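# Fold and contact review
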Amino acid sequence: MTKVLVLYYSSYGHIETMASAVAEGARAGGAEVDIKRVPETAPKEVVEAAHFKTDHPYPEATVEELPAYDAIIVGVPTRYGNMSSQMQAFWDRTGPLWAKGALIGKVGGAFTSTASQHGGNETTLISVHKLFMHHGLITVGLPYAYDKLTELGEVIGGTPYGASTIAAGDGSRQPSEIELGGARFQGKHVAEIAGALAKGRASA
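Fair warning: this is a prediction, and the values are worked out from it, not measured in the lab. (Residues numbered from 1 in each chain as written. Predicted model: local features only at pLDDT ≥ 70, side-chain atom pairs only at ≥ 80, totals over all residues. Heavy atoms only, no water.)

## Topic: the UniProt feature "binding site: NAD(+)" (unreviewed entry) in the protein
With numbering aligned to this structure, UniProt lists the feature "binding site: NAD(+)" (unreviewed entry) at Tyr12. In contact with Tyr12, other than residues within four places in its own chain, are Ala50, His51, Phe52 and Lys53. Here the side chain of Tyr12 touches Ala50 through a polar contact of 2.9 Å, landing on its backbone oxygen. (UniProt positions renumbered as here; feature names shortened; annotations may be inferred. Contact = heavy atoms within 4.5 Å. Polar contact = N/O pair within 3.5 Å; in protein donor to acceptor, adjacent residues only side chain to side chain.)

Structure, rendered in C-alpha cells:
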C-alpha cells in the first residue's frame, strides 16, 4: 500500500484541522497515512505569551523516517509569505538525505494558512515547493478539477499551488467546508499519483 506522510506545524490549530482533512483524502485515495508534526522551536516563554496550541494529538516526526514514505504532504502557516521557522528548521536538517538522494522521485504537496485572503498563501506554498525541487520530489498541487477554486460567492482560501485556509488576524476563523474539501481533494490526488508511480515502478 502507498504510504503518505502528512507533515505539519500548527500554532493555533488551523493547519492541524487541515492536516486531518488532507489525511482523510489520502486514505480515500488508497493510501496508508500517518499524520505527524515537526517539533516546536520557539522558546517556552514565546509559546506561552502567544498562546500557541500545546495539546497535540499527533506525534513528532523525525527527519530519518522521511524516506519510508511514497509521498509527503507538508502543512505550514505563513510567516511573511514564507513557511514558518519551525518547518524550515526541520527541513534544514535533511542535508544527509539530500546527499544520498533519498527523496528523489517521491511525491510532495503543500497546504497552508494565512491571516488574510492575500496574506501569502501562494508564496508560502512555493517556499515548500522549492524544498521539494531541491530534494527531487515530484510536486503536486490542487488542480482546478476541484471546482470550488473558482468560487466567488464567499471569501475562501485555495490555490492551484495547494489547499489553504484563512484564519483571520485574531485566529477566530476556522477552515470552511470548501477549504476542507480542497484539502481532501489534494490529499486524494497526491495519494493516487503516488500509487500510480509505485505501480509503474513495480512493473518496470
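Structure shown, so let's carry the discussion forward.
## What to know about empty space enclosed by the protein
On inspection of all chains with the given rule, the structure shows two cavities of 30 Å³ or more. There is about 60 Å³ of room inside the largest cavity. In this structure, the second largest cavity occupies an estimated 50 Å³ of space. It is helix 6 (residues 177-203) that contributes the most residues to the lining of the second largest cavity, three residues altogether. (1 Å grid on protein atoms, 1.4 Å probe; cavity = no way out; pocket = protein on both sides within 12 Å on 5 of 7 lines; lining within 4 Å. Points joined across faces, edges and corners; volume = space filled by probe spheres on them. Helix = DSSP H or I, 4+ residues; strand = E, 2+ residues; numbered from the N terminus.)

## Focus on the side chain of Thr124
Here Thr124 lies in helix 5 (residues 121-135). For Thr124, a relative accessible area of 1% corresponds to the buried category. In this structure the side chain of Thr124 is engaged in a polar contact, spanning 2.6 Å, whose partner is the side chain of Thr78. Excluding residues that lie within four positions of it along the chain, Thr124 makes contacts with Val76, Pro77, Thr78, Gly81, Asn82, Met83 and Thr112. (Buried < 20%, exposed > 50% of the residue type's maximum accessible area, 1.4 Å probe, protein only.)

## Focus on the pattern of salt bridges
This model, assessed by the stated rule, comprises nine salt bridges. In this structure, the salt-bridge partner of Glu60 is Arg37, at a minimum N-O distance of 3.5 Å. You can see Glu60 sitting in the loop between helix 2 (44-49) and strand 3 (71-79) and its partner Arg37 sitting in strand 2 (residues 32-37), a full 23 residues away along the chain. Look at Glu60 and you get partly exposed, because its relative accessible area is 41%. Between Lys53 and Asp55 there is a salt bridge, and its shortest N-O distance comes to 3.2 Å. The class of Asp55 is exposed, set by a relative accessible area of 54%. One network of salt bridges, with partners in common, ties together Glu16, Lys53 and Asp55. (Salt bridge = Lys/Arg side-chain N within 4 Å of Asp/Glu carboxyl O.)

## As for the environment of Met83
The topology assignment puts Met83 in strand 4 (residues 82-83). Distance from Met83 to Thr112, taken between C-alpha atoms, is 8.6 Å for residues 29 residues apart in sequence. Each residue touching Met83, except ones within four places of it in the same chain, is listed here: Val76, Pro77, Gln88, Thr124, Ser127, Val128 and Leu131.

## Brief notes about the pairing of strand 3
Most of strand 3 is tucked away: eight of the nine residues are buried. With five bridges connecting them, strand 1 (residues 3-8) and strand 3 associate as parallel partners. Bridging from a neighbouring strand, Leu5 pairs with Ile72 of strand 3. Sheet topology note: the strand 3/strand 4 ladder contains two bridges and is antiparallel. Bridged to Arg79 within strand 4 is Asn82. The antiparallel hairpin formed by strand 3 and strand 4 contains two residues in its connecting segment, where Tyr80 sits at a positive phi of about 55°. (Pairing = 2+ DSSP bridges.)

## Points about the nonpolar core
Val4, Val6, Val33 and Phe111 are the most contacted members of the largest nonpolar core, which totals 29 residues. With seven residues, helix 1 (residues 14-28) is the single largest residue contributor to this core. Ignoring any residue separated from it by four or fewer positions in sequence, one finds Val6 in contact with Ala19, Val22, Ala23, Val33, Asp34, Ile35, Lys36, Ile73 and Phe111. Counting residues in hydrophobic clusters, the runner-up holds 26 residues, among them Val63, Val76, Leu97 and Leu125. (Core = buried A, V, L, I, M, F, W, Y, C linked by side-chain atoms within 4.5 Å.)

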